[in-house]
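Single-letter residue listing:
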Amino acid sequence: MASNARWESLAIDGNSMSIFIDEPATPGPHPAIVVAHHRAGNDVATTKFVQDLAGHGYVAATPHLHHRRPEGEDTRESIKHLDDNQIVGDLNATVELLQGLDSVDSDRMAIAGHCMGGRVSFLGAASIPAFKCNIAYYSGNMFKAMGTGDAPPFEKLGALRGPVIGFFGNDDENPSPADVAKIDAKLTELGIAHEFHAYDGAGHAFQNFTNQAGYRAAATEDSFAKMIAWLGKNL
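Keep in mind that this is a model prediction, so the values were computed, not measured.

Criteria and thresholds
Residues numbered from 1 in each chain as written. Predicted model: local features only at pLDDT ≥ 70, side-chain atom pairs only at ≥ 80, totals over all residues. Heavy atoms only, no water. Helix = DSSP H or I, 4+ residues; strand = E, 2+ residues; numbered from the N terminus. Rg over C-alpha atoms; globule rule 2.2 N^0.38 Å. Buried < 20%, exposed > 50% of the residue type's maximum accessible area, 1.4 Å probe, protein only. Contact = heavy atoms within 4.5 Å. Expected span 1.5 Å × (residues − 1). Arc of directions from axis to C-beta. Pairing = 2+ DSSP bridges. Axes fitted to C-alpha atoms, helices over the stretch in contact; angles between N-to-C directions. Phe/Tyr/Trp six-rings, centres within 6.5 Å; stacked < 30°, edge-to-face > 60°. Lys NZ or Arg CZ within 6 Å of the ring centre and 35° of its normal. Core = buried A, V, L, I, M, F, W, Y, C linked by side-chain atoms within 4.5 Å.

Across its full length, the chain carries 6 helices and 8 strands. When the helices and strands of the chain are read in sequence order from the N terminus, they spell out β-β-β-α-β-α-α-β-α-β-β-α-β-α. What you see for the chain is a C-alpha radius of gyration of 16 Å, in line with the 18 Å of a compact globule of 235 residues. C-alpha extents for the chain along the principal axes are approximately 40 × 35 × 35 Å. Here the chain holds 235 residues, and 54% of them are scored as buried. Across the chain, the fraction of contacts at a sequence separation of at least 24, relative to all contacts at a separation of at least 6, is 71%.

This part takes up helix α5 (residues 177-190). The end-to-end C-alpha distance of α5, which contains 14 residues, comes to 20 Å, matching closely the 20 Å that a straight helix rising 1.5 Å per residue would cover. Taken as a whole, α5 has its buried residues at D179, V180, I183 and L187. Down the axis of α5, the buried set is contained in an arc of 100 degrees. They therefore lie on one face. Exposed residues on α5 whose side chains face more than 90 degrees from its buried face are A178, T188 and E189. On its buried face, α5 is in contact with α4 (116-127), β7 (164-169) and β8 (194-199).

What follows concerns the sheet that holds strand β6 (residues 131-137). The strand order across the open sheet built from 8 strands is β1-β2-β4-β3-β5-β6-β7-β8, with neighbouring strands paired in mixed fashion. Every other strand in the sheet has two partners, leaving β1 (6-12) and β8 as the edge strands with one partner each. Between one strand and the next, the sheet's axes are offset by a mean angle of 20 degrees, whatever the strand orientation. In this structure, strand β3 (residues 30-36) lies alongside strand β4 (residues 59-63), joined through 3 bridges in parallel fashion. When the bridges of β4 are listed, A32 appears paired with V59. Across the face of the sheet, helix α6 (residues 217-234) comes into contact with β3, β6, β7 and β8 while running at roughly 170 degrees to β6.

For the rest of this paragraph, the subject is the packing of aromatic side chains. By the definition in use, this model includes 9 aromatic pairs. Both rings, one in F49 and one in Y137, keep their centres 6.0 Å apart while their planes meet at 85 degrees; by these two values the pair is edge-to-face. Note that F49 is positioned in helix α1 (residues 44-55) and Y137 in strand β6, a separation of 88 residues in sequence. Pair check on accessibility: F49 and Y137 agree, each one buried. Geometrically, the ring pair formed by F143 and F154 is tilted, given 5.0 Å between the ring centres and 55 degrees between the ring planes. You can see F143 sitting in the loop between β6 and β7 and its partner F154 sitting in the loop between β6 and β7, a full 11 residues away along the chain. Taking the relative accessible area as the measure of exposure, F154 reaches 13% and is therefore buried. Taken together, the ring pairs in this structure connect F49, Y137, Y138, F167, Y199, F206 and F224 into an aromatic cluster. Sitting over the face of the ring of F143, K182 holds its NZ or CZ atom 4.5 Å from the ring centroid. If you follow K182 out to its NZ or CZ, it ends over the ring of F154, 5.2 Å from the centre.

Moving on, we come to the nonpolar core. Counting 44 residues, the largest nonpolar core has L98, F122, L157, L160 and I183 as the members making the most contacts within it. Element by element, the count of residues in this core is highest for helix α3 (residues 84-99), at 7 residues. Not counting the four nearest positions on each side in its chain, L157 is found in contact with F122, M142, I183, K186, L187, L190 and I192. By size, the runner-up hydrophobic cluster in this structure holds 29 residues, among which are V50, L53, C133 and Y199.

Note on placement: D52 falls in helix α1. Looking at D52, the relative accessible area reads 25%, which means it is partly exposed. Residues D52 and V95 lie 43 residues apart in sequence; the distance between their C-alpha atoms is 19 Å.

The subject of this paragraph is the environment of N15. With respect to the element layout, N15 can be found in strand β2 (residues 15-22). Residue class for N15 comes out partly exposed when judged on its relative accessible area of 27%. Taking the C-alpha atoms as reference points, N15 and S223, 208 residues apart in sequence, are found 35 Å from one another. In this structure N15 touches L10, H67 and R68, once residues within four positions along its chain are discounted.

Structure (structure tokens):
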């Protein structure tokens, strides 16, 4: 773990929400990225992504969105209890934490996410003015609201304040290529700058190196390089 990588915690709704943060070794202020984790939470795949962003000059932080659930619960159960309004509250708290760091340029903040977190990145980018752009990896369940949410992320796309980059597997079922085409068409209709990249022979969670069956090294490397280049232009 790099010297600037650390766990912090925030009190939210009477719970303690852990946040994994990493910062570049060079002096700031740096642009910042909130990372929304996949269903499994802030495991080694998510924390490595945060550290990789820090290695490329971004302060990155990932809040544990399952913090209202019992510790050790199977995350397949935890995800059933997510609430869009609570998620936005958790993201806002993370944004405020980052805005309080001397190392962060508060005018240059983005959100990124994988899987469930890709859905969360669209939700956050549409709900929180601090996010200037959005990076979504295989964002499933875009067409349904969670908990007390008033509308699914797909119906909130018109509220996006900046460009989007998305990465998808053509063998994925959620989002399927048809789902991706629907999101693509809606962003085009709304006049929101975006670029989507889809990989043949890749399914859901192709970046998750902890699942060797689904991991696709070439797609992972290509998508990360494209993301870093895109962030360089847009953040």
